[in-house]
Structure formats: C-alpha cells, structure tokens
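Topology and contacts: notes
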Amino acid sequence: MDKYKHRVSFRLEKRKDKNGNFPEEMPINADITFGGMRIWYYSGYRIAPAKWDEKAQKVKRNNFNSDDVSASDINQRLIKIASAVDDAFAQLELREEEATPATVREEVKKILDEERCTRLTVCQTYDILIDEREKEIKETPATAQWSKGTLTKHKTMRKHLSGFRATLYFEDINDELLAKFELYLIGKRLSNSYVFKSMKDIKTFLNWATKKGYNRNIKYQSYQQRFHDETTSDTAVNHFALTPEELQSIMTFPTHRQAIDRARDVFVFCCFTGLRFSEVMALKRSNMDGDILDTTAQKTRQRKRIPLAEDAMRILSKYPAAPDEDDPRIFPKISNQKFNSHLKEVGKLAGMTGDWIIETQNGRSRTRTTVKKYEALASHCARRTFTTLCLRKGMSPEDIRAVTGHTTANMMMKYVKFDDESKREKMNFLNNSHSHGVETVFDHAITDDERIRLGIPTREAYLEMFEGDTTSVNAHLAVLTHIRGNLDDRANYIKRLPTDKLNEVLEIIMKL
C-alpha cells in the first residue's frame with residue numbers, strides 16, 4: 001500500500017539565528033517522507049557543516065563535535081534511527097494503522113525507547129541548568145540560586161561527564177554506571193574529597209532534572225558513594241591554622257606595598273571575626289552598627305551580630321568611607337584567586353618558612369607532600385585560626401558557633417587545629433599525672449548536686465571506675481569548671497582532650 005512507502009535521509013538544519021547568522025554547529029535531523037507528508041526527527045547531535053558529508057549523509061571520519069562525540073558514535077545513531085523508521089512503518093502496516101506524522105513519530109520513539117518528554121542527553125540537559133543559573137547571576141545576582149563559585153563547579157562537572165560518556169542518556173543511569181563514573185574521576189588522579197563532593201553535585205543536577213521532567217529514572221537516588229576522604233577526620237594534617245605567634249608576625253611585619261598590606265588587612269580581619277573571605281568582601285558601611293558588625297552569611301543566610309575586637313576596629317579605620325558613595329563596600333574588591341596569591345607572599349614576608357605536610361587521598365592510596373607554611377596559607381585558614389584561638393582562650397563553643405554559623409559542634413571541630421604547643425601541654429600533663437597522681441573532680445570539693453549533674457558515682461566508686469582513664473577524668477573536670485563558670489580552667493582541661501572526646505564534651509556543655 002502506498003501509505004506505507006517511505007524514505008528517510010539525513011541533513012543539517014540550516015537555520016539562522018536572530019542576528020541572521022548561522023550557528024557554528026547545526027542539528028542533524030532525520031528527514032522522513034511518506035504519502036506526500038514529511039516529518040523531522042532530531043538525532044540528538046549537532047555538527048559543524050565542514051565536518052558533514054552531505055552526499056553520504058553522515059559525519060566525516062575522524063571528526064568530533066563540540067561535546068567530543070566522535071563521528072562513529074554519531075553515525076551509529078543515524079543508522080539506528082533509519083532502522084527504527086523502517087521498523088515503525090513495518091509495525092504500522094502489520095497493525096493496519098494509518099501512517100500519519102503523529103503515529104510515525106510515536107512509533108519511532110517507542111522503538112528507540114524514547115517515550116519521554118525529551119531526547120536530550122544528560123550533558124545537554126546539564127547545559128540547560130547551567131545556562132539558567134548563569135543568566136540569574138548576570139541579570140539578578142541578588143536573588144541568584146548559585147554563586148559564581150558554584151556555577152564554575154558545575155561547569156567543571158559537566159566537562160567530566162562529557163569526558164566520561166558524551167552520549168549518556170538518563171535511562172542509562174544506575175548504580176553500576178555511577179560506580180564507573182566515580183572510578184573514572186578517581187582514575188584522573190582527583191582526590192577522594194573532590195570526587196565525594198562531585199558525586200553530590202551530580203545528584204543535585206539529577207534531582208533538578210527529575211523535578212523539571214527531563215528525567216524519569218530515579219535509580220540514582222539509592223547510590224552510595226564508594227570513596228571517602230579519611231584525611232578529613234585527621235586533625236594532624238590539612239587543617240592549617242595559625243598559632244598566636246604566627247598571627248602576630250603577620251600583623252607586624254613591615255611592608256610598603258599597598259596590595260600586600262590590603263591582603264594582610266583582609267586576612268587578619270577574617271582571623272578576628274571568623275567570617276569567610278566572600279562575606280568580608282561583601283561588607284558595606286551599612287553593616288556597621290558602632291563596634292558591632294551586623295551581617296548575613298551568604299552561604300547559610302544566617303544573620304550574625306559580631307562585636308569587633310580592637311584589632312578588627314583598627315583595620316576598619318584604615319578604610320574610610322568614600323564621600324561620593326551612599327553605601328560603599330568597606331574593603332577594595334579583589335578576587336579570591338588573587339587574594340590567595342598575595343597571602344602566600346604575606347606568609348613568606350612574615351617568616352612562615354617552616355614545613356607543613358599536606359595529605360591527599362586518591363582511592364585507597366595516600367600521598368603526603370611537604371610544602372612551606374606560606375605556600376599552604378589561604379583564605380579559609382583565617383576561619384580555622386579564629387575558631388582554634390577562641391577555643392584555646394576559653395570562649396564557649398556555643399558563642400563560637402554563634403559567630404561562625406556552624407550548626408553542630410562536630411562541624412565546628414573540623415575547623416579546630418591544635419598546634420604543637422597545645423600537644424606539648426597535653427603530654428606534660430600526662431607526665432605530671434604519672435609522677436604525682438591524676439587530678440579529679442573530687443580534688444575540687446565537688447558537691448552532690450554537681451556530681452549528679454555530671455552523672456558520676458561517689459568518690460570511692462569513681463576512682464575505681466575511672467582508674468587510669470585520664471581522658472574521662474579531664475572531660476568531667478571540663479564540664480565541672482563550665483558549670484562553675486571558670487572559663488580559663490575549662491579551656492585548660494579541654495586542651496587535654498582528644499578530638500573525639502572533645503566533641504562529646506562540647507555537646508554536653510551546649511545542653512547544660
């Protein structure tokens with residue numbers, strides 16, 4: 001019957017843009033004609049006209065499109081579509097259904113397993129999300145859902161996906177594929193920390209695609225990441241914070257270079273406020289209320305009022321308001337990359353030439369690299385310095401968190417870095433304990449009410465129960481001094497605790 005006769009060919013869609021120009025790459029469409037009718041079926045690929053063989057109706061050999069899809073992959077897709085068209089008309093003839101543009105298109109989609117709202121690849125859909133967020137940042141930055149840093153992160157992730165498999169479709173995603181992609185990233189010698197965060201970014205994208213209707217496959221939701229960064233729980237490495245002496249050196253070394261002096265001022269201001277670099281760069285005169293800094297964290301949208309220390313106020317006095325601006329920013333604008341570059345010079349000039357060990361983990365292997373301390377100096381070091389110094393000076397954990405915005409004690413403790421002097425104090429305590437006997441809460445005239453609040457038994461039972469357990473003994477002393485309001489003593493006992501016990505004590509303190 002004539003209505004089942006058909007022809008399929010492939011050609012580029014040569015459509016000009018609104019400026020009258022042809023795009024660099026054009027869509028490859030299947031041109032299906034039958035019974036005096038014609039329909040177009042998008043192949044899912046674009047190619048530059050110079051790479052297209054119009055006579056052979058396929059991509060020229062040894063070529064790639066901008067998504068790094070090879071000619072052979074694209075041409076295989078065209079062969080698959082042509083075969084699906086033939087099968088579609090055969091099925092319609094078998095069922096004696098009328099061949100119409102709608103029935104032919106639906107049958108082709110069914111044979112190709114494309115009965116979904118789109119045939120965009122995962123990478124093409126990712127482009128839609130990235131374009132939307134980039135437009136928000138450019139046109140409505142105040143209400144943009146992503147920061148520029150987040151946008152850059154997802155652009156990089158999209159490149160990794162394209163390198164892994166440019167022709168990936170949503171229906172292909174399952175636990176096995178995600179595991180292969182994770183191994184692909186590990187194979188590129190990326191750290192476990194980076195890979196772990198990247199896999200979370202992929203889930204963020206897939207959640208968006210599912211919500212928007214681009215994806216109907218939710219198998220990705222059950223995927224458990226294989227590789228974790230074990231170095232993040234080790235405070236001996238990577239958690240770089242300044243000692244009081246190093247901070248003093250940075251504050252006092254002489255310089256006549258304006259760029260270096262400004263970088264130092266911003267860094268020291270971060271050390272005395274616990275603010276992120278991005279938050280300091282966004283500060284305006286309207287954020288000042290006398291000696292109180294009133295600001296909202298960009299990351300958590302949490303409002304904070306921070307009483308400023310004298311050194312922080314001294315820095316602010318160096319940057320008077322411009323008379324021709326209604327609400328100027330406090331500090332001159334500088335990119336994070338440039339700021340970190342200046343910081344390394346700041347550290348070098350301040351004499352931070354000692355060695356620092358940086359440990360990275362890739363898969364199951366760990367690599368330790370020794371660098372100079374000034375080379376490890378970066379903007380986030382200030383936030384760790386603030387948290388560490390405040391805790392050492394006896395500031396309560398809840399007060400520190402009120403400034404930094406950390407939601408839990410465990411999250412805050414990731415920013416704490418006890419220096420060698422703190423460790424030496426702990427070791428001296430153990431030496432003294434061995435020689436003179438361990439100090440306990442019962443050496444401080446503890447009352448029955450205090451003992452009950454600490455949840456410990458009477459003296460005889462206590463000494464028997466905790467004999468040799470100096471960690472628990474110091475934890476009880478830290479809580480007791482907190483109850484009594486002796487912050488200096490509490491700080492001394494806290495410094496003697498290992499990290500896991502310290503987290504436990506901080507949680508107890510915050511509930512009292």
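Residues numbered from 1 in each chain as written. Predicted model: local features only at pLDDT ≥ 70, side-chain atom pairs only at ≥ 80, totals over all residues. Heavy atoms only, no water.

1. Observations concerning the overall build of the protein chain
Definition in use: Each helix is a run of H or I in the DSSP string that is no shorter than four residues. Each strand is a run of E no shorter than two, and both are numbered from the N terminus. When a residue's accessible area, from a 1.4 Å probe over protein chains only, is under 20% of the maximum for its type it is buried; when over 50% it is exposed; and in between it is partly exposed. We call two residues in contact when some of their heavy atoms are within 4.5 Å. Accessible areas in this description were obtained via Shrake-Rupley with a 1.4 Å probe; residue shielding takes into account the shown protein chains only.
Along the protein chain, the regular secondary structure elements total 21 helices and ten strands. With 512 residues in all, the protein chain has 46% of them scored as buried. Summarising the internal contacts of the protein chain: among those between residues at least 6 apart in sequence, 61% fall at separations of at least 24. A total accessible area of about 27,600 Å² is found for the protein chain, and carbon and sulfur atoms account for 48% of it.

2. As for the pairing of strand β9 (residues 355–362)
Looking along a regular strand, one sees the side chains alternate between the two faces of the sheet. Rule in force here: Pairing between two strands is assigned when DSSP locates at least 2 bridges connecting them.
Judged from the eight bridges that link them, β9 and strand β10 (residues 365–372) form a sheet pairing that is antiparallel. If you follow Trp-356 over to β10, its bridge partner there is Val-371. Linking β9 back to β10 in an antiparallel pair, the connection comprises two residues, with Gly-363 at a positive phi of about 65 degrees.

3. A word on the sheet that holds strand β6 (residues 288–289)
Spatially, the three strands line up as an open sheet ordered β6-β7-β8, and their pairing is antiparallel. One side of each edge strand has no neighbouring strand; the edge strands of this open sheet are β6 and β8 (303–307).

4. Examining helix α7 (residues 244–252)
Short version of the rule: In this description, the arc belongs to the directions extending from the helix axis to the C-beta atoms.
Of the residues making up α7, those classed as buried are Glu-246, Leu-247, Ile-250 and Met-251. Buried residues in α7, looked at end-on, bunch into an arc of 140 degrees, giving them a common side. Each element contacted by the buried residues of α7 is listed here: α8 (258–273), α10 (310–317), α11 (336–349), α12 (373–376) and α13 (380–392).

5. Describing empty space enclosed by the protein
Using the following cut-off: Buriedness for pockets is judged along seven lines, at least five of which must meet protein on both sides within 12 Å for an open set on the 1 Å grid over protein atoms alone, while cavities are sets there where a 1.4 Å probe fits but cannot get out, and lining residues have an atom within 4 Å of a point. Grid points are joined across faces, edges and corners, and a volume is the space filled by probe spheres set on the points. Under the convention adopted here, Pro, Cys and the residues Ala, Val, Leu, Ile, Met, Phe, Trp and Tyr are nonpolar, Asp, Glu, Lys and Arg are charged, and Gly plus all remaining residues are polar.
Applying the stated criterion to the full structure yields one cavity of 30 Å³ or more. The space that makes up the largest cavity amounts to roughly 70 Å³. Broken down by class, the residue content of the lining of the largest cavity amounts to eleven nonpolar, no polar and no charged.

6. Description of unusual backbone geometry
Excluding glycine, a negative phi dihedral is what most residues carry, and trans is how most peptide bonds are arranged. One non-glycine residue, Gln-57, lies in the positive phi region at around 60 degrees. Here Gln-57 is to be found in the loop between β4 (52–53) and β5 (58–59). The exposure class assigned to Gln-57 is partly exposed, which follows from its relative accessible area of 29%. Unusually for a residue other than glycine, Asp-68 sits at a positive phi of about 65 degrees. You can see Asp-68 is positioned in the loop between β5 and α1 (71–94). Among the residues examined, Asp-68 registers a relative accessible area of 56% and is labelled exposed.

7. Points about the sheet that holds strand β3 (residues 37–47)
Applied cut-off: Whenever a helix is involved, its axis is fitted only over the stretch in contact; in every case the axis is a line through C-alpha atoms, and angles between N-to-C directions fall within 0 to 180 degrees.
Strand order in this open sheet of three strands is β1-β2-β3, and the pairing throughout is antiparallel. The open sheet is flanked by β1 (6–12) and β3, the only strands paired with a single partner. The sheet shows a mean angle of 20 degrees between the axes of neighbouring strands, taken without regard to direction. Where strand β2 (residues 26–34) lies against β3, eight bridges are found, and the strand directions are antiparallel. If you follow Asn-29 over to β3, its bridge partner there is Tyr-42. The sheet contacts of α1 involve β1, β2 and β3, and relative to β3 the element is tilted by about 155 degrees.

8. Thoughts on the confidence of the model for the protein chain
Operational definition: For every residue, the predictor reports its confidence as pLDDT, a number between 0 and 100.
This prediction gives the protein chain a mean pLDDT of 83; 86% of its residues lie at or above 70. The low-confidence segment residues 233–238, where pLDDT is below 50, has 14 contacts with residues more than four positions distant or belonging to other chains. Long-range and interchain partners of residues 429–436, a stretch whose pLDDT sits below 50, account for five contacts in this model, where long-range means more than four residues apart.

9. Focus on α10
When α10 is considered as a whole, its buried residues turn out to be Ala-312, Ile-315 and Leu-316. Along α10, the residues classed as buried sweep out an arc of 100 degrees about the axis, all on the same side. Set apart from the buried face of α10 by more than 90 degrees, the exposed residues are Glu-310 and Ser-317. Its buried side turned inward, α10 meets α8 and β6.

10. Quick look at the packing of aromatic side chains
Worth spelling out the cut-off: Stacked, tilted and edge-to-face are the three classes assigned to paired rings of Phe, Tyr and Trp, where Trp is represented by its six-membered ring and a pair needs centres within 6.5 Å; plane angles under 30 degrees give stacked, over 60 edge-to-face, the rest tilted. Any Lys NZ or Arg CZ that is within 6 Å of a ring centre and within 35 degrees of that ring's normal is treated as a charge sitting over the ring.
Tallied over the entire structure, the rule returns twelve aromatic pairs. Aromatic pair Trp-208 and Tyr-214: ring centres 5.5 Å apart, planes at 25 degrees, arrangement stacked. Here the aromatic residues Tyr-126, Phe-170, Phe-205, Trp-208 and Tyr-214 are joined through ring pairs into a cluster of three or more. Seen from the ring of Trp-146, Arg-133 lies directly overhead, with NZ or CZ sitting 5.6 Å from the centre. Directly above the aromatic system of Phe-253 lies the positively charged group of Arg-264, at a separation of 4.2 Å from the ring centroid.

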